[in-house]
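This is what each chain is made of:
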Amino acid sequence: MIRRHGKLTLLTLLLSASCSGIFAQEIPVTTPIDSLITVGYATGSLKTLSGSVEKITETQMNKDQITNPLEAIRGRVPGLTIQRGSNGPAALDAVRLRGTTSLTSGNDPLIIVDGVFGDLSMLTSIYPTDIESFTILKDASETAQYGSRGASGVIEVTTKKGMSGRTQVAYNGSFGISTVYKNLKMLSGDEFRRVASERGISILDKGNNTDFQKEIEQTGLQQNHHIAFYGGSSESSYRVSLGFMDRQGVILNEDMKNFTSNMNMNQKMFDGFLNCELGMFGSIQKNHNLVDYQKTFYSAATFNPTYPNHKDPVTNSWDGITTASQITNPLAWMEVQDDDATSHISTHARLTFNLMEGLKLSLFGAYTYNIVENSQYLPTSVWANGQAYKGTKKRESLLGNMMLTYKKNWKKHFFDVLALAELQKETYTGYYTTVSNFSTDKFGYNNLQAGALRLWEGTNSYYDQPRLASFMGRFNYTYADRYVLTLNARTDASSKFGANHKWGFFPSASAAWVISEEEFMKQFPVIDNLKFRIGEKLAIVGENGSGKSTFIKLLCRLYDPTEGEILLNGINIKKYKYKEYMSVFSVVFQDFKLFALPLGQNVAASTEYDADKVQECLKLAGFDVHSDRMKKGLDTWLYKDCDADGVNISGGEEQKIALARALYQNAAFLILDEPTAALDPIAEAEVYSSFNEIVGDRTAVYISHRLSSCRFCDEIVVFDRGRIVQQGTHEELVEQTNCKYYELWSAQAKYYA
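Residues numbered from 1 in each chain as written. Predicted model: local features only at pLDDT ≥ 70, side-chain atom pairs only at ≥ 80, totals over all residues. Heavy atoms only, no water.

Chemist: Outline the packing of aromatic side chains, listing residues and values.
Modeler: Summed over the entire model, instances satisfying the criterion amount to 14 aromatic pairs. Taking 5.9 Å as the distance between ring centres and 25° as the angle between the ring planes, the aromatic pair formed by Y389 and Y432 counts as stacked. In this pair, Y389 sits in strand β19 (residues 387-410) while Y432 sits in strand β20 (residues 413-436), placing the two residues 43 residues apart along the sequence. On the basis of relative accessible area, Y389 is assigned to the partly exposed category, the value being 24%. Aromatic pair F471 and W503: ring centres 6.4 Å apart, planes at 25°, arrangement stacked. In this pair, F471 sits in strand β23 (residues 467-479) while W503 sits in strand β25 (residues 503-514), placing the two residues 32 residues apart along the sequence. Residue classification places F471 among the partly exposed residues on the basis of a relative accessible area of 45%. Taking the relative accessible area as the measure of exposure, W503 reaches 52% and is therefore exposed. Across the ring face of Y307, the terminal group of K206 is positioned such that the distance to the ring centre comes to 4.9 Å. (Phe/Tyr/Trp six-rings, centres within 6.5 Å; stacked < 30°, edge-to-face > 60°. Helix = DSSP H or I, 4+ residues; strand = E, 2+ residues; numbered from the N terminus. Buried < 20%, exposed > 50% of the residue type's maximum accessible area, 1.4 Å probe, protein only. Lys NZ or Arg CZ within 6 Å of the ring centre and 35° of its normal.)

Shown next, in the form of structure tokens:
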């Protein structure tokens with residue numbers, strides 16, 4: 001594994017081992033797509049969810065040597081960006097799920113571990129092997145369950161639980177080394193002297209031949225160890241685990257140690273009437289950090305190579321260059337002390353009462369305590385007169401909620417109703433002190449009295465105790481496992497706001513059509529979950545003759561299936577009035593036709609039309625109705641078949657008018673079959689740049705041979721020889737290098753530069 005580290009390139013070698021024989025192994029279980037999952041406060045299945053939800057199970061996670069649990073899903077979730085930090089082996093600079101949602105507040109997603117709320121730092125308390133699955137909520141229809149806290153997306157982590165059977169033990173561990181693969185090529189001491197002599201440059205020559213880049217490097221040892229004990233019966237189960245991570249960086253004095261623990265217990269009581277869950281997880285993490293990467297690496301590369309790699313024996317200090325700007329002896333930076341220690345513990349309990357069939361009452365409570373201690377000492381060799389800093393940050397959180405849920409199946413109908421009341425109180429406290437003017441470096445940050453208090457911003461403390469009260473309702477309806485409607489409404493009252501502005505309301509609504517449950521899709525067994533979400537943009541791609549247009553014409557009832565049937569609301573579409581069924585779709589086929597009629601009548605497909613609406617649709621489609629050629633505007637005849645003053649239009653203009661005709665119908669589904677095939681690249685780019693505005697809140701199905709035009713779509717379905725062979729986003733599909741989409745993309749990619 002090769003990684004970048006500042007100006008260095010690192011090569012990491014990894015050896016791993018897991019126990020067998022007397023130790024039982026934990027076998028990961030792949031969760032079927034239609035199994036129940038936790039989605040916020042609710043439970044559901046991926047097949048019948050109307051919102052955008054991704055679930056990553058253990059078998060789908062990355063298998064590299066992982067420090068932060070989010071590294072296990074890096075590159076696995078479309079739209080999730082994870083940037084590695086530059087201030088420690090375990091740091092993450094930024095995690096973005098829904099882009100930048102705030103200029104003043106944080107943009108990191110809300111982190112929830114087994115129902116406990118937290119931020120990215122809480123994840124360091126979870127050993128990656130203890131994670132059963134990640135559930136990622138991306139769109140507003142699902143994140144609205146958490147109000148404003150879910151504005152940047154939500155990542156839910158579910159840890160492993162015990163299982164019935166005798167007590168078992170599972171161990172896994174790994175060992176690796178990190179070393180510098182490549183350095184900047186700089187002059188050695190001898191080369192520096194020779195070049196200076198050749199060019200007549202006066203230098204300070206101390207007679208040594210030191211490579212300061214190598215002097216600050218080390219071979220970093222990395223190791224992971226994890227052991228878990230689990231077992232139980234049909235009525236109770238437990239799982240306890242301990243983990244240890246040790247990461248040494250490739251720079252001296254850079255390392256991280258993390259001790260983690262996790263415990264889960266479950267007990268059923270009173271013949272299943274009451275289910276008790278108890279959990280606890282925590283960690284102690286210690287880091288030794290580099291303070292200034294830029295000065296350290298810049299100094300290592302540019303410092304005079306004739307200087308020695310040790311202190312001056314007379315002054316017992318590092319030789320420096322007083323005339324150089326931003327350049328300090330790099331070995332002096334290795335004496336900087338920059339340490340932090342983080343201790344975290346979270347406990348939670350849940351009582352679930354099964355009141356009657358489908359009706360449950362759940363009581364949940366959680367307590368979280370987190371403390372971060374920061375210590376830093378800058379010695380006199382890198383900071384005039386030295387400087388020491390000590391600070392502590394504490395966070396306590398109390399969370400409690402009561403939730404009532406009711407689920408009911410009745411014939412082809414399924415109802416899921418949820419009501420929630422929640423209270424949360426957080427306490428933030430902290431202080432820091434900065435002192436300088438040290439006469440010696442011997443004490444470091446352990447004796448602040450040896451220095452003098454800095455008069456400006458040297459000492460401070462803070463205290464804050466925000467509270468939040470919330471109520472939420474959720475309604476989910478599914479018909480025949482095909483049509484899904486979800487409504488959420490949450491209201492929060494925060495103590496951070498004034499008396500008349502405490503309450504905020506966060507509603508959401510979403511709907512989905514699980515098209516894979518329609519009979520006409522049963523001939524495509526490769527895809528078991530193809531759905532249209534309201535407002536979703538779906539691209540259909542494939543080679544000529546792969547079945548793309550046939551699929552659309554079946555859907556639009558231009559063909560009747562020879563096998564199976566197509567159902568709408570459980571009824572064969574042949575039993576609907578044809579005009580009524582077709583009103584659901586606005587379609588632009590490859591072989592569309594325009595009439596030798598005035599422009600406005602062509603768009604409206606009628607002699608009577610709304611002129612303002614026609615002009616708006618033409619504008620969205622990129623057609624200029626006010627051009628010199630259209631002297632009569634919407635009354636300008638197309639072609640000269642019926643009017644000698646008619647205008648002949650190009651193929652690109654015909655496509656724009658056909659697109660405007662589809663927009664004028666204003667149906668719920670907009671289907672475009674190669675809508676830009678006759679457009680030049682500039683006109684095509686204009687259509688793509690305004691595609692969201694053109695489609696609006698409609699569900700759009702887009703068929704194209706040009707894969708570059710599909711990247712703006714939410715989902716891509718790949719056809720090959722009459723079958724659906726792939727489904728996913730562009731980012732997901734292009735990573736599947738042995739599949740059809742990658743083959744098509746690679747064949748066209750050279751034209752996209």
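Chemist: An account of the packing of helix α9 (residues 611-620) against helix α10 (residues 651-665) is requested, with residue identities and associated values reported.
Modeler: Between α9 and α10, the least distance of the axes is 8 Å, while the angle of their chain directions is 130°. On the basis of the axis angle, α9 is oblique to α10. Of the two possible hands of crossing, α9 and α10 adopt the one that is right-handed. For the pair formed by α9 and α10, the contact residues are K613, V614, C617, L618 and L620 on the first element and I657, A660, L663 and Y664 on the second. For the contact of α9 with α10, the class distribution of residues is eight nonpolar, no polar and one charged. (Axes fitted to C-alpha atoms, helices over the stretch in contact; angles between N-to-C directions. Parallel < 35°, antiparallel > 145°, perpendicular 65-115°, else oblique. Left-handed = near helix turned anticlockwise from the far one by under 90°. Contact = heavy atoms within 4.5 Å. Nonpolar A, V, L, I, M, F, W, Y, C, P; charged D, E, K, R; others polar.)

Chemist: Can you lay out the sheet that holds strand β9 (residues 116-118) for me, pointing to particular residues and giving the numbers?
Modeler: Taken in spatial order, the five strands of this open sheet run β5-β10-β11-β8-β9, and their pairing is mixed. The open sheet is flanked by β5 (53-57) and β9, the only strands paired with a single partner. The mean angle between the axes of side-by-side strands here comes to 20°, regardless of whether they run parallel or antiparallel. In the sheet, strand β10 (residues 131-137) pairs with strand β11 (residues 154-159) via six bridges, with the strands oriented antiparallel. Considered in β11, the bridge of L137 is made with V154. (Pairing = 2+ DSSP bridges.)

Chemist: Describe unusual backbone geometry, listing the residues and the values that go with them.
Modeler: Notably, D271 is not glycine yet its phi reads approximately 55°, a positive angle. By secondary structure assignment, the location of D271 is in the loop between β15 (255-269) and β16 (274-288). Look at D271 and you get exposed, because its relative accessible area is 85%. Despite not being glycine, A605 has its phi angle at roughly 55°, a positive value. In this structure A605 comes out as exposed when scored by relative accessible area, which is 55%.

Chemist: Describe the side chain of D114, listing the residues and the values that go with them.
Modeler: By secondary structure assignment, the location of D114 is in the loop between β8 (110-113) and β9. The exposure class assigned to D114 is buried, which follows from its relative accessible area of 13%. Within the structure, D114 has its side chain in polar contact with the side chain of T159 (distance 2.5 Å). Non-local contacts of D114, meaning those with residues more than four positions away in its chain, are made with V157, T158, T159, K161, N264, H348, R350 and F364. (Polar contact = N/O pair within 3.5 Å; in protein donor to acceptor, adjacent residues only side chain to side chain.)

Chemist: Before we move on, can you summarise helix α4 (residues 293-302) with the specific residues and values?
Modeler: Where α4 is concerned, the buried positions are Y293, T296, F297, S299, A300 and A301. Two or three places before Q294, at the opening of α4, D292 has a side-chain oxygen 3.2 Å from that residue's backbone nitrogen.

Chemist: Quick one: what's the story with the side chain of S299, residue by residue and with numbers?
Modeler: By secondary structure assignment, the location of S299 is in helix α4. A distance of 3.0 Å separates a polar side-chain atom of S299 from the backbone nitrogen of T328. Sequence-distant contacts of S299, defined by excluding residues within four places in its chain, comprise Q326, I327, T328 and P330.

Chemist: I'd like a rundown of the pattern of salt bridges, residues and numbers included.
Modeler: A complete count under the given rule lists 15 salt bridges for this structure. One salt bridge connects K740 with E743, and the closest N-O pair in it is separated by 3.4 Å. Of this pair, K740 and E743 both sit in helix α14 (residues 740-749), three residues apart, which is roughly one turn of the helix. We classify E743 as partly exposed; its relative accessible area is 44%. (Salt bridge = Lys/Arg side-chain N within 4 Å of Asp/Glu carboxyl O.)

Chemist: If you had to explain the nonpolar core to someone new, which residues and values would you point to?
Modeler: L599, L618 and I657 are the most contacted members of the largest nonpolar core, which has 44 residues in total. A total of seven residues in this core trace back to one element, the largest contributor, which is α10. Not counting residues within four places of it along the chain, the set of residues in contact with L599 comprises L618, F623, V625, M630, G633, L634, T636, L638 and I657. (Core = buried A, V, L, I, M, F, W, Y, C linked by side-chain atoms within 4.5 Å.)

Chemist: So what about the sheet that holds strand β32 (residues 699-703)? Which residues, and what values?
Modeler: If you walk across this open sheet you meet the six strands as β30-β31-β32-β27-β33-β34, and the pairing is mixed. Either end of the sheet is taken by a strand with one partner, and the two such strands are β30 (585-588) and β34 (723-728). Within this sheet the neighbouring strands show an average axis-to-axis angle of 15°, counted without direction. Here strand β27 (residues 537-542) runs beside strand β33 (residues 715-720); their pairing, made up of five bridges, is parallel. Of the residues in β33, the one forming a bridge with G542 is F719. Lying over the sheet, helix α6 (residues 548-555) contacts β27, β30, β31 (669-673), β32 and β33, oriented at roughly 135° with respect to β27.

None of this, on its own, says anything about what the molecule does.
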